[in-house]
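# Descriptive structure summary
Residue-level listing of the chains:
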Amino acid sequence: MPRPGFVLDVDRSTPPILFHHGEGFRLEKLPAGRSRVLYPAEPLPALRDPEAAIRHALANPLGDSQPLRALLRPGMKLTICFDDISLPLPPMRAPDVRQRVIEAVLDLAAEAGVDDVHLIAALALHRRMTEAELRHAVGDRVYDAFAPHGLLYNHDAEDTDNLAFLGTTPHGEEVEINKRAAESDLIVYVNINIVSMDGGWKSTATGLASYRSLRHHHNVQTMRNSTSFMDRHSSELHISNWRMGKVLRDADVTVFQIETTLNNDTFGTSGPMSVLAKREWEWSPRDRATFLAMKAGLDRMPIKARRKVFQSWQAPYGLTSVQAGEVEAVHEVTTENVFRQQLVTLEGQTDILTMGLPYICPYNVNSVMNPILVMCLGLGYFFNMYRGRPPVREGGVVIMSHPTTEEFHPVHHPSYIDFYEQVLSETTDPAEIEARFEKSFAEDEWYRHLYRTSYAYHGVHPFYMWYWGCHGLQHTGKVIIVGGDKAAVRRLGFSAASTLSDALEMAEDVVGRDATITHLHNPPLVMADVH
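A brief report on the enclosed structure follows.

Attention now goes to the pattern of salt bridges. The final tally for this structure, using the stated rule, is 36 salt bridges. Two residues, glutamate 508 and arginine 513, come together in a salt bridge whose shortest N-O distance is 3.9 Å. Among the charged side chains, a salt-bridge network with shared partners connects Glu131, Arg135, Asp140 and Asp144.

If you want it as structure tokens, here you go:
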């Protein structure tokens, strides 16, 4: 049986703790007697027969839904939508779970005589997926059958001729989604849940939406009032998406939701990366030698070579559950399955939260982790990996370890470059940024062109990433980045430290001497259930 996650109280015998540090690692000694480390659980067992589990889910739906087979008929319009490249992280080894599910859905559609089928990558305002990325997600057989005929494609949130306005919520939120999906007799949505934030009505109401619709929940007020993105009932982002889901239902948009969960087998059980999944005091002499050799080799590599090594890694995740049917009923079960893998009980809050930020986040797959994404990953994602209360007290200090260089991918992140140079040079205040700058970036024709025809994130996307960290920024008294480029860190409005020891000393100005510390030991992902 896999061991559950747990909390280690650091004492003098505790070995140095592994911190991810971009495309590299650091070993850090945490102060004894006042530090604790939150460790993830070991990977849950994978389902022995994923295809059988998928077929069972399609035939035995949850909530108020008929089996998928009963919803399919000749002459109908079927649209299969699926999560884009932003998850899972890192990408999973082939076959991707989306491929497995989509093939099962297409088999049923063929048996039912359905021949009007489109497949859409639900990008929202993310960059378009490349052919190689689409092939990895859906498999060669599906890609070759649909893409050459224009039946497999990326959602375009700026294609006004192919967007459908469906109505407005009682809160004034406009609901506008992909027209093909909205006018279909049935949407089948294929989801991967790597965190509890994913799935539910967020799949369609966000993934298939336009800027006109997204701006109602991707804004400073909503983000600041979302006290945890990972706890739907405490997230204004999700509450807004659920209101939009009601508009979809009232407009007779029928969604058959298929959600899957994966275990956290990120690094496998063999090869040099497998040591990253082990707890440091359990490292054998061979593990220590392997890690030190890997670290030394990485440290000698140029950054582009290191990035290629990491970005080529595909995780051996196992499928742990699949459920299908009515959106909300499915998502409740999915969330419990995510919590079963990730949730670890944590008693009380500490003065300081430390975290090592890895090389990857949802928005730099096959790309570069720029400074804005560092902020988003640390304060938007890792900070929010909790239920109840944050692991760090209000007014406390967050210390993140990452190289944080002034490097940007010119194709993927053109508006990020201008956001960094033009906006952050003026202010880092999210509300001021939103009021002064968002509209011009969102409506910029050049950014729109790059989003639609190249592989660029939408012009407004860096704003959303900055807003994503709103709650973390509001909650903390100071943010320190260890090992980051000083100019980049200061541009973000944070403090730079060369070492963890220096960072802890700097934190004393806010939280005093002998402050208590929680270290978030991930990846693999772990979520704190703070009591």
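So, about the side chain of threonine 266. Checked against the element boundaries, threonine 266 lands in the loop between strand 11 (255-262) and helix 11 (285-300). Residue classification places threonine 266 among the buried residues on the basis of a relative accessible area of 6%. Beyond its immediate chain neighbours, meaning those up to four positions away, threonine 266 contacts Pro90, Trp313, Ala315, Pro316, Tyr317 and Pro524.

A word on the nonpolar core. Here is a general trend for soluble globular proteins: nonpolar side chains tend to be buried in one another's company. Ranked by size, the top nonpolar core spans 135 residues in total, and within it Leu58, Leu72, Ile80, Val188 and Ile258 carry the most contacts. The element best represented in this core is helix 14 (residues 371-382), accounting for nine residues. If near-sequence neighbours (up to four positions away) are discounted, isoleucine 258 is found in contact with Leu58, Val101, Val105, Val188, Tyr189, Val190, Asn191, Val322, Gln323 and Ala324.

The next point concerns the packing of aromatic side chains. Per the counting criterion, the structure on display carries 19 aromatic pairs. Ring geometry for phenylalanine 6 and tyrosine 39: centres 5.3 Å apart, planes at 10 degrees, overall stacked. Residue phenylalanine 6 is located in strand 1 (residues 6-9), and its partner tyrosine 39 is located in strand 4 (residues 35-39); the two are separated by 33 residues in the primary sequence. Taking the relative accessible area as the measure of exposure, phenylalanine 6 reaches 25% and is therefore partly exposed. Relative to phenylalanine 463, the ring of phenylalanine 419 has its centre 4.8 Å away and its plane inclined at 75 degrees; by these criteria the two rings are edge-to-face.

What the three strands build is an open sheet, ordered 13-20-15; its pairing is parallel. Every interior strand has two partners, whereas the edge strands, strand 13 (343-346) and strand 15 (386-387), have only one. Relative to strand 20 (residues 527-530), strand 15 runs parallel, the two being bridged by two bridges. Bridge pairing in strand 20 links tyrosine 386 to alanine 528. Helix-sheet contacts for helix 13 (residues 327-342) involve strand 13, strand 15 and strand 20, and the interaxial angle to strand 13 is about 60 degrees.

On to helix 12 (residues 303-311), then. Within helix 12, the full set of buried residues consists of Arg306, Arg307, Phe310 and Gln311. Taken down its axis, helix 12 places every buried residue within 125 degrees of arc, on the same side. For helix 12, the exposed residues set more than 90 degrees away from the buried face come down to Lys304 and Lys308.

Turning our attention to the packing of helix 1 (residues 50-59) against helix 3 (residues 97-111). Running from amino to carboxyl end, helix 1 crosses helix 3 at an angle of 50 degrees, the nearest separation of the two axes being 10 Å. In terms of their interaxial angle, helix 1 and helix 3 are classed as oblique. Remark: the crossing between helix 1 and helix 3 carries right-handed chirality. Note on element contacts: helix 3 touches helix 1 through Arg100, Val101, Ala104, Val105 and Leu108, opposite Pro50, Glu51, Ile54 and Leu58. Here the contact of helix 1 with helix 3 is built from residues that sort into seven nonpolar, no polar and two charged.

Rules behind the numbers
Residues numbered from 1 in each chain as written. Predicted model: local features only at pLDDT ≥ 70, side-chain atom pairs only at ≥ 80, totals over all residues. Heavy atoms only, no water. Salt bridge = Lys/Arg side-chain N within 4 Å of Asp/Glu carboxyl O. Helix = DSSP H or I, 4+ residues; strand = E, 2+ residues; numbered from the N terminus. Buried < 20%, exposed > 50% of the residue type's maximum accessible area, 1.4 Å probe, protein only. Contact = heavy atoms within 4.5 Å. Core = buried A, V, L, I, M, F, W, Y, C linked by side-chain atoms within 4.5 Å. Phe/Tyr/Trp six-rings, centres within 6.5 Å; stacked < 30°, edge-to-face > 60°. Pairing = 2+ DSSP bridges. Axes fitted to C-alpha atoms, helices over the stretch in contact; angles between N-to-C directions. Arc of directions from axis to C-beta. Parallel < 35°, antiparallel > 145°, perpendicular 65-115°, else oblique. Left-handed = near helix turned anticlockwise from the far one by under 90°. Nonpolar A, V, L, I, M, F, W, Y, C, P; charged D, E, K, R; others polar.

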